[in-house]
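Chains, contacts and geometry: an overview
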Amino acid sequence: MKKLILAVLAAALLPVYLPAQEPAVEPPAPNSYHVRRADLFAKLPIYGDDIVMLGNSITDGGEWTELTSGVRIKNRGISADRTYHVLDRLDPIIAGKPWMIFLMIGTNDLGAGFSPEFTAENIDKIVDRILTETPDTRLYVQTIFPVNDAFGQAHRHVNRDAEIVRTNELIKALCAEKGVEVIDMWAVLADENGKLKAEYTNDGLHLTGDGYFRWADELRGYMQ
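Described in the following lines is the structure provided in the data block. (Residues numbered from 1 in each chain as written. Predicted model: local features only at pLDDT ≥ 70, side-chain atom pairs only at ≥ 80, totals over all residues. Heavy atoms only, no water.)

Here the focus is the nonpolar core. L54, L103, I126, L139 and V141 are the most contacted members of the largest nonpolar core, which totals 29 residues. Contributions of two or more residues to this core are made by β1 (51-55), α5 (83-88), α6 (91-96), β3 (100-104), α8 (116-133), β4 (138-142) and α9 (161-178). By size, the runner-up hydrophobic cluster in this structure holds 23 residues, among which are Y140, F145, V188 and L219. (Core = buried A, V, L, I, M, F, W, Y, C linked by side-chain atoms within 4.5 Å. Buried < 20%, exposed > 50% of the residue type's maximum accessible area, 1.4 Å probe, protein only. Helix = DSSP H or I, 4+ residues; strand = E, 2+ residues; numbered from the N terminus.)

Here you go:
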């Protein structure tokens, strides 16, 4: 009985968008960086003329205003975030009704063992909330980037090629159904073998400077 009571209490403290099933691998320990960044982002205002970059560590690592030659951008990427983390911290972004949102999320879900279907379902929920609650915001959904297992790092992520391709197919389908534009960054960054181009990474997952400049080049036209 004591174990049952503890289990019920623990469940009551979990986030609203807790995944419905356990991941195939052990989840990471509580991430203090996420807590700090999410708390800061909840207090920093978003305005109607802002462009928001929303995602995980790949977005987090970009110096976006500099990369886009002075375009006003607010970085709302948080390292290690998954789709349900983004769902949990959408409120202050939506409340500001920004001019544009560029969303790229999902690689950490797949790296933790969640299915493409689960990942795409949560992306669908993110898209629905933005379309419903801030309909004048221009939403662009980016496909999940390719990965490259040649560097011997980021082992949970870089062997997910098939899952990434499948998730991207689902992303394209759900966005087509809702009339949301997709930016196919997978196609931009992949080599002839479907791997993240070696000149754009040093660990097979994250981007180097050249990778960020190539990404920014692709997005700049949408930001005019």
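There is more to say, and it comes next.
Counting across every chain of the model gives 9 aromatic pairs. Ring centres 4.7 Å apart and planes at 90° place the aromatic pair W64 and W215 in the edge-to-face group. Of this pair, W64 sits in helix α4 (residues 64-67) while W215 sits in helix α11 (residues 209-220), and the two are 151 residues apart along the sequence. Residue classification places W64 among the buried positions, given a relative accessible area of 3%. Judged by relative accessible area, which is 0%, W215 ranks as buried. Aromatic side chains F114 and F118 sit 4.6 Å apart centroid to centroid with 20° between the ring planes, which places their arrangement in the stacked category. Residues F114 and F118 agree in their burial class; the two are buried. Through successive ring pairs, a cluster of aromatic residues spans W64, F145, Y212 and W215. (Phe/Tyr/Trp six-rings, centres within 6.5 Å; stacked < 30°, edge-to-face > 60°.)

Looking now at α9. Under the 1.5 Å per step criterion, the end-to-end length of α9 is 26 Å for 18 residues, consistent within 8% with the ideal 26 Å. Of the positions making up α9, those classed as buried are I164, T167, N168, L170, I171, L174 and C175. Axial view of α9: buried residues confined to an arc of 165°, hence all on one face. Counted as exposed and oriented over 90 degrees from the buried face of α9: A162, A176 and E177. If you follow the buried residues of α9, they end up packed against α7 (107-111), α8, β4, β5 (181-183) and α10 (185-189). Positive backbone phi, approximately 75°, marks G179, located one or two places after α9. (Expected span 1.5 Å × (residues − 1). Arc of directions from axis to C-beta. Contact = heavy atoms within 4.5 Å.)

Here we have 5 strands laid out as an open sheet, ordered β2-β1-β3-β4-β5, and parallel in their pairing. Every other strand in the sheet has two partners, leaving β2 (73-77) and β5 as the edge strands with one partner each. Going from strand to strand, the sheet's axes swing by 20° on average, the running direction of each strand aside. Here 3 bridges tie β4 to β5, and the two strands are oriented parallel to one another. Its bridge partner lying in β5, V141 is registered against V182. (Pairing = 2+ DSSP bridges. Axes fitted to C-alpha atoms, helices over the stretch in contact; angles between N-to-C directions.)

Fair warning: the whole summary comes from geometry, so function is off the table for now.
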